Amino acid sequence: MERDLTTGSVFENILYFSLPYLLSYFLQTLYGMADLFIIGRFNGIDSTTAVSIGSQVMHMLTVMIVGLAMGSTVTIGRAVGAKERERTCAIIGNTATLFMAVSAVVTAALLILVRPIVSVMSTPPEAVAGTVQYLTVCFIGIPFITAYNIISSVFRGLGDSKSPMYFIALACGVNIALDCLFIGALGMGPAGAALGTTLAQTISVIAALAVIRRRRTGLALTRGDLRPQRSIMGPVLKIGIPVALQDGFIQIAFIVITIIANRRGLADAAAVGIVEKFIGMVFLVPSSMLSAVSALSAQNIGAGKDRRARLTLWYATAIAVGFGVIVSVVVQFSAEPIVGLFTKEKDPAVLLLGGQYLRSYIWDCALAGVHFCFSGYFCAYGLSGISFLHNSVSIVCARIPIAYLASAWFADTLFPMGMAAPAGSLLSVVICLAAYWWMRKDRAG
């Protein structure tokens, strides 16, 4: 389970770690799409809308849990790199204690607030009952969703990105089978979709725990490791909280931009929604680079190999930017056909508007590849506040205001509105480069 990422080829280590992580992200996306696809085959638009809205809420919660877990991944990685086995065990034990306590409190709070949450999401009246059912079941399953992400963060901190991929693959397969049973055969609607998701996560967690018990990791956890320690939890929260807040802020920004598009009309809303789906898939690559940089750099920093940490940053940035540029160029010649893949009606207005939005938005993939990698690097040094800063400034000063102004000033095209994302990322890149220069100057001094 434990892999030393402080030796050997930096480039090969990046590929070894990032490819399974990339596939995990893809399976996670497929996992989320399965509920919508299957509910659409067996139920009406009210149930589909309920699952769609409920999935948005759950996605936001999940990315915030993953962001908080980044603190564990980094601190475990640094302890592994420094060969501090006792500290590694203490971090793993404290992570389990911390996240289980958090999940219990969050579950109770969300179950109390489920109806206000459904109201805040402006859920159509026909879909309110189904959305409440979906979220209630999913909220009950939050401890298992949290447990999966804890286990994944521990594995990745130890340098193992393959095991989480196997666990999510298992959950994905089980979820599809249970959706067919609960939604198709038993006619349980949105509640069945949520139950399938929750049980799939539970089975994945059980499988992960079984694997941990069977493997000889050289790490022996004791009851003392589960006892909360300020010196252990402090660094985990210092890194994880800014990342969690940043990810939640980003999701809110996406919702705001969706609302702006919705006010332009049905064709514009459909076009923006389709492009967001495609962008989500394309961004799997820079997202995997972020995780690779944070995990690999953390181990190398723990081992006192700062130069290898910097090489990891620059190799990963080159991979992410290279991929982003290639995809961006290809999209310039194939935007409308790509949009057409996501809609049965092939509405000319949707294809035209979607093509305009995608051609400008897609350049964000190359620019985001830069600040994603820098975010991973900053987190590895325990400076996740920088990541939070540049993303917040980007959202407040560029993404939302530019999207709003472009929507107001250019009523006949979505191309200017699509430029909001790359403009925001460009601002993030400038801040990241300035912060990196400050880090190097400070350490040299």
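Structural data are supplied above this passage.
Please read these numbers as outputs of a predicted model, since none were measured by experiment.

**Q** Any chance you could break down the overall build of the protein chain for me, citing the residues and the numbers?
**A** Across its full length, the protein chain holds 19 helices and zero strands. Expressed as a percentage of the 445 residues in the protein chain, the buried residues total 53%. Per element, the accessible surface of the protein chain, about 19,300 Å² overall, is 69% carbon and sulfur.

**Q** Residue-level account of helix α12 (residues 284–302), with values.
**A** Structurally, the α-helix is built with 3.6 residues per turn, so residues lying three or four positions apart point the same way. Along its 19 residues, α12 runs 27 Å from first to last C-alpha, staying within 8% of the 27 Å computed at 1.5 Å per residue. In terms of residue burial, α12 counts as a mostly covered element, since 18 of its 19 residues are buried. Looking one or two residues beyond α12, the residue adopting positive phi is G304, at roughly 75°.

**Q** Give me the lowdown on the nonpolar core, citing residues and values where you can.
**A** In terms of nonpolar packing, the biggest core is built from 64 residues, with V331, Y357, L358, I362, Y377, F378 and M417 touching the most fellow members. The biggest single contributor to this core is helix α16 (residues 364–380), with 10 residues. If we ignore the near neighbours within four places in the chain, the residues touching Y357 are I257, V272, V275, E276, L414, F415, M417 and G418. Counting 21 residues, the second largest nonpolar core, distinct from the first, contains I65, I117, I183 and A194.

**Q** Just give me the short version of the packing of aromatic side chains, but keep the residues and values in it.
**A** All chains considered together, the criterion is met by eight aromatic pairs. Each ring, one from W314 and one from Y436, has its centre 5.5 Å from the other, and the planes form 90°; the classification is edge-to-face. Pair noted here: W314 is in helix α13 (residues 306–332) and Y436 is in helix α19 (residues 420–444), with a separation of 122 residues, a long-range link. When its relative accessible area of 10% is taken as the criterion, Y436 is described as buried.

**Q** An account of the side chain of S387 is needed here, citing residue identities and associated values.
**A** Its place among the elements puts S387 in helix α17 (residues 384–409). On the basis of relative accessible area, S387 is assigned to the buried category, the value being 1%. Of the polar contacts made by the side chain of S387, one reaches the side chain of S375; its length is 3.1 Å. If we ignore the near neighbours within four places in the chain, the residues touching S387 are Q246 and S375.

**Q** How would you summarise the pattern of salt bridges if you had to cite specific residues and measurements?
**A** Tallied over the entire structure, the rule returns two salt bridges. Notably, a salt bridge pairs R359 with E336, separated by 2.8 Å at the nearest N-O pair. Here R359, found in helix α15 (residues 348–361), pairs with E336, found in helix α14 (residues 335–340); they are 23 residues apart in sequence, far enough to count as distant. By relative accessible area, which is 26% here, E336 ends up partly exposed. A salt bridge links R399 to D364, with the nearest nitrogen and oxygen atoms 3.7 Å apart. One end of the pair, R399, is in helix α17; the other, D364, is in helix α16, with 35 residues separating them in the sequence.

**Q** Describe the environment of I145, naming the residues involved and giving the relevant values.
**A** Looking at where I145 falls in the secondary structure, it is placed in helix α6 (residues 142–157). Once the C-alpha coordinates of I145 and A200 are considered, the two residues, 55 residues apart in sequence, prove to be 9.7 Å apart. Once you skip the residues sitting within four places of it in the chain, I145 turns out to touch M58, T62, I65, C138 and Q201.

**Q** Any chance you could break down the packing of α12 against α16 for me, citing the residues and the numbers?
**A** The interhelical angle for the contact between α12 and α16, taken along N-to-C directions, is 30°, at an axis separation of 7 Å. Of the possible angle classes, the one that applies to α12 and α16 is roughly parallel. Seen from above, α12 lies across α16 with right-handed handedness. Residues P286, S287, M289, L290, V293, S294, S297, A298 and I301 of α12 form the contact with α16, whose participating residues are G369, F372, C373, S375, G376, Y377 and A380. Of the residues assigned to the contact of α12 with α16, the class counts are 10 nonpolar, six polar and no charged.

**Q** A description of the packing of α12 against α13 should follow, citing residues and the corresponding values.
**A** At a minimum axis distance of 8 Å, the contact between α12 and α13 shows a crossing angle of 175°. By the angle between their directions, the pair α12 and α13 is classed as roughly antiparallel. Residue-level inspection shows V285, M289, V293, L296, S297, N300 and I301 of α12 in contact with α13, the latter providing D306, R308, A309, T312, L313, A316, I319, A320 and F323. For the contact of α12 with α13, a count of residues per class yields 11 nonpolar, three polar and two charged.

Procedures and definitions
- Numbering of residues starts from 1 in each chain and follows the order in which that chain's sequence is written.
- Side-chain atom pairs in this predicted model are given and counted only at pLDDT of 80 or more, local residue features only at pLDDT of at least 70, and totals for whole chains, interfaces and linings cover all residues.
- Note: side-chain values were computed over all heavy atoms of the structure, leaving out hydrogens and water.
- Numbered from the N terminus, helices here are DSSP runs of H or I no shorter than four residues, and strands are runs of E no shorter than two.
- Between buried and exposed lies partly exposed: a residue is buried under 20% and exposed over 50% of the maximum accessible area for its type, with that area taken using a 1.4 Å probe on protein chains only.
- Only the protein chains shown count as covering a residue, and every accessible area follows the Shrake-Rupley method with a 1.4 Å probe.
- The span expected for a helix works out to 1.5 Å for each residue beyond the first.
- Here, nonpolar core means buried Ala, Val, Leu, Ile, Met, Phe, Trp, Tyr and Cys residues that are tied together by side-chain atoms lying within 4.5 Å of each other.
- In what follows, residue pairs with any heavy atoms lying within 4.5 Å of each other are defined as contacts.
- Side-chain rings of Phe, Tyr and Trp, where Trp is taken by its six-membered ring, are said to pair if the distance between their centres is within 6.5 Å; with planes under 30 degrees apart they count as stacked, over 60 as edge-to-face, and otherwise as tilted.
- Nitrogen and oxygen atoms within 3.5 Å of one another constitute a polar contact, given that in protein one can donate a hydrogen and the other can accept it, and given that sequence-neighbouring residues count only through two side-chain atoms.
- By definition, a salt bridge exists where a carboxyl oxygen of Asp or Glu is found within 4 Å of a side-chain nitrogen of Lys or Arg.
- Working convention: axes come from line fits to C-alpha atoms, limited for helices to the stretch in contact. Angles between N-to-C directions cover 0 to 180 degrees.
- Small angles under 35 degrees read as roughly parallel and large ones over 145 as roughly antiparallel, with 65 to 115 read as roughly perpendicular and the rest as oblique.
- Crossing handedness: left-handed means the near helix sits turned counterclockwise from the far one by under a right angle, and right-handed means the same turn made clockwise.
- Residues are grouped as follows: nonpolar covers Ala, Val, Leu, Ile, Met, Phe, Trp, Tyr, Cys and Pro; charged covers Asp, Glu, Lys and Arg; every other residue, Gly included, is treated as polar.

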